[in-house]
Each structure stands twice: as structure tokens, then as C-alpha cells.
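# Structural characterization, general
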Amino acid sequence: MNDKQFVCFFLPQTFEKILIANRGEIACRVINTCKKMGIRTVAVHSDVDSNVHVKMADEAVCVGSAPTSKSYLNMDAIMDAIRVTGAQAVHPGYGFLSENKEFAKRLAAEGVAFIGPDTHAIQAMGDKIESKLIAKAAKVNTIPGFDGVVKTAEEAVKIAQQIGYPVMIKASAGGGGKGMRIAWNDEETREGFRFSSQEAASSFGDDRLLIEKYIDNPRHIEIQVLADKHGNALWLNERECSIQRRNQKVVEEAPSTFLDPATRRAMGEQAVQLARAVQYSSAGTVEFLVDSKKNFYFLEMNTRLQVEHPITECITGLDLVEQMIRVAKGYQLQHTQEDIPIDGWAVECRVYAEDPYKSFGLPSIGRLSQYQEPLSLNKVRVDSGIQEGSEISIYYDPMISKLITYGATRAEALARMEDALDHYVIRGVTHNIPLLREIITHPRFVSGDISTNFLPEVYPDGFKGHQLGVDAHRELLAAAAALHVSKQFVPFRVASAPVECNRWELCVELGEERRAVEISKSGAGYTVAEGQEICVIEAMKMQNSLTAVKQAKVKSVQCKPGETVGEGDLLVELE
């Protein structure tokens, strides 16, 4: 028996079959870990969504029609699928039923394991008012505010005046940026109360609101926690999630450039205190707002696997899905806090089928006519659930993939991300790669000078695409003109008259701009800078570069490539 067989033989028994109550990239992500652990998988899908996750799973069950309320949120259909397939556990992924306490209760009633925390933790942390009270009791830093439910617009104004503007009005049962408004005065408070309560009622069926102090220009930094059913809990370092649009994350990285070891430890310890306060068992995330002086305040706890979990996996070496499955089966954590490293740096970009030129991203639908992930590059990970030919539907989130790069340093991870974005091929839908590339190469981002206001501050008039500098603009015009002219010298298979023209005057369109460009075959009229190479002469198998001693204009070129020249011959005349 070799070493590999020995290890496999003694792997702890978990579940024989797991149903994934989700779709797309997260369903594929869970299936990959299940395969590694030798666990059979069941996929669920709607009648229009039999995509990659369905093909990857060992079994698949259609749970309804396209609308999420009739398929991925259809608890009755999913419970039927569990019974029919004999699944022993359910991994909910994120979104959909992942933080639904009723779903967890129904699973428990039928003896099916929910791969996540118990219903008490889901309920306690799912209600923003209750979670804030629990956080205070657990000695976790909280944002100053009103701890009760705000019932009327005038009561909201009175509370806002007591707290001091600006204030954040948000849905108690909310998440994902829905039901949230910032108010800077009484009138905005009244308006924010009305809109937030309407959004909360339509999105969550719960119009309760709370009000708290708005931390202006903060960073959004979250702590990954992992806990078991035996009282053990760890913090797995932080994720920097400040690059957002409409309160939804766009680019994440781990670790954060902003935290020092003392602040990191303080945030991690408070996150674990909160997890223990609700007897949390599974992977979860405690989100904080951090001000410019490194004061941090509890925002909320997500009782599920986060979208951005891969960057934590990169710097710690842990498979969080595997850890969740082990905890759900009742095993103790395999690691202590001292075992958790920060090994290198990881960056994640959320690649969406969105038009980044409209409000930093409005959904785009269609079929992927061409699709190629940059997996040939080193230390690049792509978590996706689509392939060439897949349909980006109006019914579901327009995420195409999560693109993750890893390096020994932040600079290395960012360089790999830039390369990966350049090698990513997506055709058939509009996508946000131009915006992602601009973000990760922007001087403010590269220096770590970011906050949740990064996008509106850097692009106050909206994202307009890459803005060319003067030199790059000139080079692009020249390249376009040169390509046009070069086509006239391509040899033809049939006899044709040679092109004798030595000078062209062209009009080049660059975006909405039209510019006149003059090209001379002789080089006459071209301006060379001081030190610029003019020509190369080969002598005795050595190449010698001739450069301009000062800026000048080319009057004439008296030689041709490959021509033999003698001592004293005029090669290029400058004026």
C-alpha cells in the first residue's frame, strides 16, 4: 500500500451523498470539494438552467420553472428532491435558501444535515437589530445608533437628530445593499425612511428599519470565522472588500493593506467572541466598517459561505467547503489559531455580464458565443458555472465567474490579475472586465488608498473606459494609419500594378474623434527625439545603433533595409 492509498483509506467518514441547493459557480465549487472527498452529489435546477453544475453532479433533479420563487426558493420541491435521491445533507451555497431558518428547520425535522449553522444562529444574526444587541453584549464594537425599530418617518428624523448626521437607514432583515439609504438632513431622512421601508417590504417581506451613525468614507473589512459543535472557533484573517458599487462588492483581496497585526488580532478576537455568543458552528463572516484611524465597528454577520471565500483559501491553505462538511458531520476543527497563516496575497475580481458604462454595471443578457478562461496562466483560479454556449438569463444573477490570482506579494498578485484579465475571452454579452482592469491598475488602488467611496470618487461622472494619455493616443493613431497603409503592400496572387505612392493623408477615427494623420514612406517629416534610434548598421556581425544627438525633423531617408552602404554615405538627413 503506497502513501497516497494509506491517506485515502483513513479519511474520516462524512456523508455519502450531498444535495447542493444552489446553481452556477457556487454549486460547481461545492461539487469539486465533494468529489475530492469521495462524496456523491445531487444538483437541482430549473427547467431553463441545466448548466455546468448539472453535468458535474452525479444526479440532477428539476425543481421547477425559471423564476427563483418556483425553483431555487421552492422548499417543497427541494425537499422532494432530497427524499427521492436519499441525500443525507444539503449545502445551500450562498443566496437563495442559505440563510433561511425555516429551510434549516425542515431539514432537521427529516434528519437531513444542513451544512451551515443551526437555526438559532441564523435567526439571531439574520436580524440586524437583534444581532447588534447580541454583538454589544459580546463586547464587540458597534456603530452608535438606535437599537429599536423605527416606526415612522418623524420618529426617524428625531432619532437622526439625536445621533447626529449623517445617518444610515437600513432594513433590519436586509442584505446585499437593499433597503439602505444615507441621509444627511431631515428631508433626506424622511425620504430615506419611505424608500427603505418599501424596498425592505418587497425584498424581505419585513419593513422594519433601524438607524445608526453613518461612518463617512470607511473601509469594508470582514473576518472569516470557522467554528465547530465542540466550542472551538478560529478567525482566518481578513478580506478587504471596500471596492463596491451600490453596496455590492466588485474587487476583494486578502489580506488588507490597511490592518496592522494588533488591529487584525483585535478584529479577529471580537469576531470569534460573537460566533461563540450564538454558539456558531460552520464557516461564517463577520463584517466590519473601519474608519481612517483604524477604529472598527460591527456591521453584520453572514451565516453562510461568502462569495469571496477563495481568497481566504489561497492565503491559509484551507478548503472552507471541506471544513463546513466536516463540522456538519460533527468533527472537531483540525487546526488551532496558531496554525492559521497569512501566506502570500490573493485578489478576486467578480466578472459579471454587465455594462460597466451604465451605473458601474447594469445586467447584460445573451448567449456566450465565445468563452475562454485564462487558466493557462500560473497561480490563476477561476470559479465559474458556465461554458461557451451558456445563456446569461434574466432570471438569475449575471455573474460569469470569480477570477482569483495569488502571489507571494500583493504586487505579484495584482500583476497576475492584470495578465489574467487581458487573457480572458468573453463574447456574446457585455462584461465588466474593462472596469475591473482599470480598478486594479489605478494608482490609488495600487497604493492601497481605498474606501467604499472609491468608484464614485475616482469616476464621479461614471466609468468612461480607459483614458489614453497624449503619447498613447498619438501611438494608437499612428498604428491604425500604418496598418491601413501596410495592407496596400500585401502581395496579390494575381498580377497588379505596383503601388507607387510614397505619401498618404488619412483620416483616422478613434472613438468619436476624427484626426488627420500623414504618413510618408520615405520618413520625411517625421520628428525624432534626442537619443532616439534612427537606424542600425551591421558591421563585422556587430550591430551598431545610430541615434539623434538632438530633437530634429527627418528631411530625407537615403538608404533601404538590407542595403550595403559605404563610409561617408548619407543615410538619413535631419533638419
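Scroll up to find the structure this text is about.
In this numbering scheme, every chain counts its residues from 1 along its sequence in written order. The predicted origin of the model limits local features to residues at a pLDDT of at least 70 and limits the giving and counting of side-chain atom pairs to 80 or more, whereas totals for whole chains, interfaces and linings rest on all residues. Values reported for side chains reflect all heavy atoms of the structure, with hydrogen atoms and water molecules removed beforehand.

### Describing the overall build of the protein chain
For the record, the criterion: Only runs of H or I of at least four residues qualify as helices and only runs of E of at least two qualify as strands under DSSP, and these elements are numbered from the N terminus. Categorising residues by exposure relies on relative accessible area from a 1.4 Å probe, with only protein chains included: less than 20% of the type maximum marks a residue as buried, more than 50% marks it as exposed, and the intermediate range marks it as partly exposed. Here, Shrake-Rupley sampling with a 1.4 Å probe gives the accessible areas, and only protein chains in the shown set may cover a residue. The charge count includes Lys and Arg as positive and Asp and Glu as negative, but it does not include His or the ends of the chains. For the purpose of locating charges, the reference atoms are NZ of Lys, CZ of Arg, CG of Asp and CD of Glu.
If you tally the helices and strands in the protein chain, you get 17 helices and 30 strands. Based on the C-alpha atoms only, the size of the protein chain along its principal axes is roughly 95 × 70 × 50 Å. A buried classification covers 50% of the 575 residues belonging to the protein chain. Summing over all exposed atoms, the protein chain offers an accessible surface of approximately 27900 Å²; the carbon and sulfur share of this is 51%. Each charge class in the protein chain was averaged separately, 64 positive and 77 negative side chains, and the resulting centres sit 3 Å apart.

### Points about the pairing of strand S12 (residues 248-254)
Consecutive side chains along a regular strand alternate between the two faces of the sheet. Applied cut-off: We call two strands paired when DSSP finds no fewer than two bridges between them.
For S12, a buried count of six out of seven residues is recorded, marking the element as mostly surrounded by other parts of the structure. Here four bridges tie strand S11 (residues 233-245) to S12, and the two strands are oriented antiparallel to one another. Opposite isoleucine 243, over in S12, you have valine 251 as the bridge partner. Note that S12 and strand S15 (residues 345-352) share four bridges and pair antiparallel. Paired with glutamate 252 across the two strands is glutamate 348, which belongs to S15.

### Structural notes on the sheet that holds strand S8 (residues 180-183)
We apply this condition: Between N-to-C directions, angles span 0 to 180 degrees; the directions come from axes that are lines fitted to C-alpha atoms, helices contributing only their stretch in contact. Note on contacts: a residue pair qualifies if any of its non-hydrogen atoms lie within 4.5 Å across the two residues.
The antiparallel open sheet is built from four strands, whose spatial order is S6-S9-S7-S8. Edge strands, defined here as strands with exactly one partner in the open sheet, are strand S6 (145-150) and S8. Strand-to-strand twist of the sheet, defined as the mean angle between neighbouring strand axes without regard to direction, takes the value 20°. Where S6 and strand S9 (residues 209-213) come together, three bridges link them in antiparallel fashion. Each residue of the ladder has a partner; that of phenylalanine 146, found in S9, is isoleucine 211. Sheet strands in contact with helix H7 (residues 128-137) are S6, strand S7 (167-171) and S9, and its direction is about 145° off that of S6. Against the sheet, helix H9 (residues 186-204) makes contact with S6, S7, S8 and S9, and its axis sits at roughly 175° relative to S8, the strand it touches most.

### Topic: the packing of helix H4 (residues 75-85) against helix H5 (residues 101-109)
The condition that has to hold: Each angle receives one of four descriptions, namely roughly parallel if under 35 degrees, roughly antiparallel if over 145, roughly perpendicular if within 65 to 115, and oblique otherwise. For any helix crossing, the convention is left-handed if the near helix is rotated counterclockwise from the far helix by under a right angle, and right-handed if that rotation is clockwise. Any residue that is not Ala, Val, Leu, Ile, Met, Phe, Trp, Tyr, Cys, Pro, Asp, Glu, Lys or Arg is counted as polar, Gly included; the first ten are nonpolar and the last four charged.
Contact geometry for H4 and H5: axes closest at 11 Å, N-to-C directions at 30°. Our classification of the angle between H4 and H5 gives roughly parallel. H4 and H5 meet at a crossing whose hand is right-handed. Packed against H4, whose contacting residues are Met75, Asp76, Ile78, Met79 and Ile82, the element H5 presents Glu102, Phe103, Arg106 and Leu107 at the interface. Grouping the constituent residues of the contact of H4 with H5 by class yields six nonpolar, no polar and three charged.

### Focus: the packing of helix H13 (residues 410-423) against helix H14 (residues 433-441)
Viewed as axis vectors pointing N to C, H13 and H14 meet at an angle of 160°, and their least axial separation amounts to 10 Å. Comparing the axis directions of H13 and H14 gives the class roughly antiparallel. Judged by the sense of rotation from one axis to the other, the crossing of H13 with H14 is left-handed. Contacts between H13 and H14 pair Leu414, Met417, Glu418, Leu421 and Asp422 from the former with Ile433, Leu436, Arg437, Ile440 and Thr441 from the latter. A per-class count over the contact of H13 with H14 returns six nonpolar, one polar and three charged.

### Comments concerning the pattern of salt bridges
Counted only if it meets this: The rule for a salt bridge is simple: a side-chain nitrogen of Lys or Arg has to be within 4 Å of a carboxyl oxygen of Asp or Glu.
In the structure shown here, the tally under the stated rule is 44 salt bridges. Via salt bridges that share partners, Arg29, Lys36, Glu313, Asp319, Glu322, Arg381 and Asp383 belong to a single interconnected network.

### Observations regarding the pairing of strand S13 (residues 282-290)
The element S13 is extensively covered by neighbouring structure, given that nine of its nine residues are classed as buried. Note that strand S10 (residues 219-227) and S13 share nine bridges and pair antiparallel. Residue arginine 219 lies in a different strand from S13, and its bridge partner there is valine 290. Pairing geometry for S13 and strand S14 (residues 296-302), over six bridges, is antiparallel. Bridging across to S14, valine 290 finds its partner in phenylalanine 296.

### Regarding the side chain of serine 364
Keep this limit in mind: Here a polar contact is recorded for every N or O atom pair within 3.5 Å, except that within protein the pair must consist of a potential hydrogen donor and a potential acceptor, and residues adjacent in sequence are included only if both atoms are side-chain atoms.
Along the chain, the position of serine 364 falls in the loop between strand S17 (362-363) and strand S18 (366-367). Here serine 364 falls in the buried class, since its relative accessible area comes to 12%. At 3.1 Å, the side chain of serine 364 forms a polar contact with the backbone nitrogen of threonine 430. When neighbours within four sequence positions are excluded, serine 364 is seen to be in contact with Ala353, Glu354, Ile392, Val429 and Thr430.

### What about the sheet that holds strand S1 (residues 17-20)?
Taken in spatial order, the five strands make up an open sheet running S3-S2-S1-S4-S5, and their pairing is parallel. Among the strands making up the open sheet, the edge pair consists of strand S3 (59-62) and strand S5 (113-114). Bridge count for S1 against strand S4 (residues 89-91) is three bridges, and the pairing is parallel. What sits directly across from isoleucine 18, in S4, is alanine 89. Sitting on the sheet, helix H2 (residues 24-37) touches S1, strand S2 (40-45) and S4, and the angle it makes with S1 is about 170°.

### Some words on a nonpolar patch on the surface
Our working rule: Residues qualify for a patch when their relative accessible area is over 30% and they have no salt bridge, like charges being joined within 9 Å and the nonpolar side chains of Val, Leu, Ile, Met, Phe, Trp and Tyr within 5 Å.
On the surface, Val48, Ile365, Ile394 and Tyr395 cluster together into a nonpolar patch covering about 410 Å² of accessible area. Inspection of the secondary structure puts tyrosine 395 in the loop between strand S21 (391-392) and strand S22 (399-407).

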